[in-house]
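Next come the chains, spelled out residue by residue.
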Amino acid sequence: MADEKGSELSRRITADDVVVRNGDEEIRLAPDVPGPVGSLLAPVAGFGVTITSMFRPSRTVQYPFEKPPTQPRYHGRHLLNRYADGLEKCIGCELCAWACPADAIYVEAGPNGPDGQYSPGERYGRVYQINYLRCIFCGYCIEACPTRALTMSNDFELAGPTREGLIYEKGDLLAPMADGMLAAPHPMVAGATDADYYRGEVTGPTAEQVEWVETHRPDDETLASAREAVAAGAKGTAR
């Protein structure tokens, strides 16, 4: 090859060294020859890392009995979140499905009604599926969600024995019910709009919502904690 001045540069490897020729100039690059001490210790020098590691404490994590902590912003399994009164945040807009580069999300919207109010507004996510065989955990779906319904948890244990088991349905993705929440469906807080829900102005169920669920689903398991939340809120207001 030629250098910037146009002179020819060649290289020749001999048995003992490397010869570089630049035009009429010849440069001989001889390898470094270890001294007597280096030659003596050369056979055992490669074991230096092994020997020093023998006296260090073990860093093996006994998984799955001891689970390593993940970073706070780790992208793990998705969650479909709820509002404080128990209504779902997902409105079935399908923006997460459109934003997914791996086509791993499938959403079907359904209309809310007087007897089936699952989320504030007109629609809710009737069908919600995430195919974790395709998902690349990029987080684009989180950025696209207009109601902050979809977030990602720190759960990374998603292995399973079957391919069908890695297609998560809405029931698998919904966040657990917190204390005081009232399971949907039930009416929205009287006088509140979907914007009020989004701004966080709804802080829990009301007596009217509890009464509606008692009438339509008297055996609902969330009624007890919802009654306690309503009673605690009434005491706080009285004070």
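To keep things clear, this report deals only with the structure shown in the data block.

Rules and cut-offs
- In this numbering scheme, every chain counts its residues from 1 along its sequence in written order.
- Whole-chain, interface and lining totals are the exception, using all residues; otherwise, since this is a predicted model, local features are given only for residues with pLDDT of at least 70 and side-chain atom pairs are given and counted only at 80 or more.
- Processing note: side-chain calculations cover all non-hydrogen atoms of the structure and skip hydrogens and water entirely.
- Detection works on a 1 Å grid of protein atoms alone, calling trapped sets that fit a 1.4 Å probe cavities and calling open sets with protein on both sides within 12 Å along at least five of seven lines pockets, with lining residues defined by an atom within 4 Å of a point.
- Grid points are joined across faces, edges and corners, and a volume is the space filled by probe spheres set on the points.
- For this classification, the nonpolar set comprises Ala, Val, Leu, Ile, Met, Phe, Trp, Tyr, Cys and Pro, the charged set comprises Asp, Glu, Lys and Arg, and every other residue, Gly included, is treated as polar.
- Residues belong to a common nonpolar core when they are buried Ala, Val, Leu, Ile, Met, Phe, Trp, Tyr or Cys residues joined through side-chain atoms within 4.5 Å.
- A 1.4 Å probe rolled over the protein chains alone gives each residue an accessible area, and that area as a share of the maximum for its type sets the label: buried under 20%, exposed over 50%, partly exposed in between.
- A helix here means a DSSP run of H or I that spans at least four residues, while a strand means a run of E at least two residues long, and both kinds are numbered starting from the N terminus.
- Here, residues are in contact when the closest pair of their heavy atoms is within 4.5 Å.
- Stacked, tilted and edge-to-face are the three classes assigned to paired rings of Phe, Tyr and Trp, where Trp is represented by its six-membered ring and a pair needs centres within 6.5 Å; plane angles under 30 degrees give stacked, over 60 edge-to-face, the rest tilted.

**Regarding empty space enclosed by the protein**
- Counted by the stated rule, this structure contains 2 cavities of 30 Å³ or more.
- Taken as a whole, the largest cavity encloses approximately 100 Å³ of empty space.
- If you trace the largest cavity, you find 16 residues lining it, with Cys90, Cys93, Cys96, Tyr128 and Cys145 closest to the centre.
- Residues that form the lining of the largest cavity fall into these classes: 13 nonpolar, 2 polar and 1 charged.
- Space inside the second largest cavity adds up to approximately 80 Å³.
- Taken together, 13 residues make up the lining of the second largest cavity; nearest its centre are His78, Cys100, Cys135, Cys138 and Cys141.

**Quick word on the nonpolar core**
- With 22 residues, the main nonpolar core has Leu80, Cys96, Ile105, Tyr128, Tyr132, Leu150 and Leu173 as its most contacted residues.
- Elements with a contribution of two residues or more to this core: helix H3 (95-99), strand E5 (105-111) and strand E6 (123-131).
- Not counting chain neighbours up to four residues away, the residues in contact with Leu80 comprise Cys90, Tyr128, Ala149, Leu150, Lys170, Leu173, Leu174 and Ala175.
- Judged by nonpolar contacts, the second largest core, of 7 residues, contains Tyr83, Leu87, Val189 and Val202.

**Observations regarding the packing of aromatic side chains**
- According to the stated counting rule, one finds 6 aromatic pairs in the structure shown.
- Taking the centre distance of 5.7 Å and the plane angle of 20° together, the rings of Tyr132 and Phe137 count as stacked.
- What makes Tyr132 buried here is its relative accessible area of 8%.
- A relative accessible area of 26% places Phe137 in the partly exposed class.
- Aromatic rings pair up to connect Tyr63, Tyr74 and Phe156 into one cluster.

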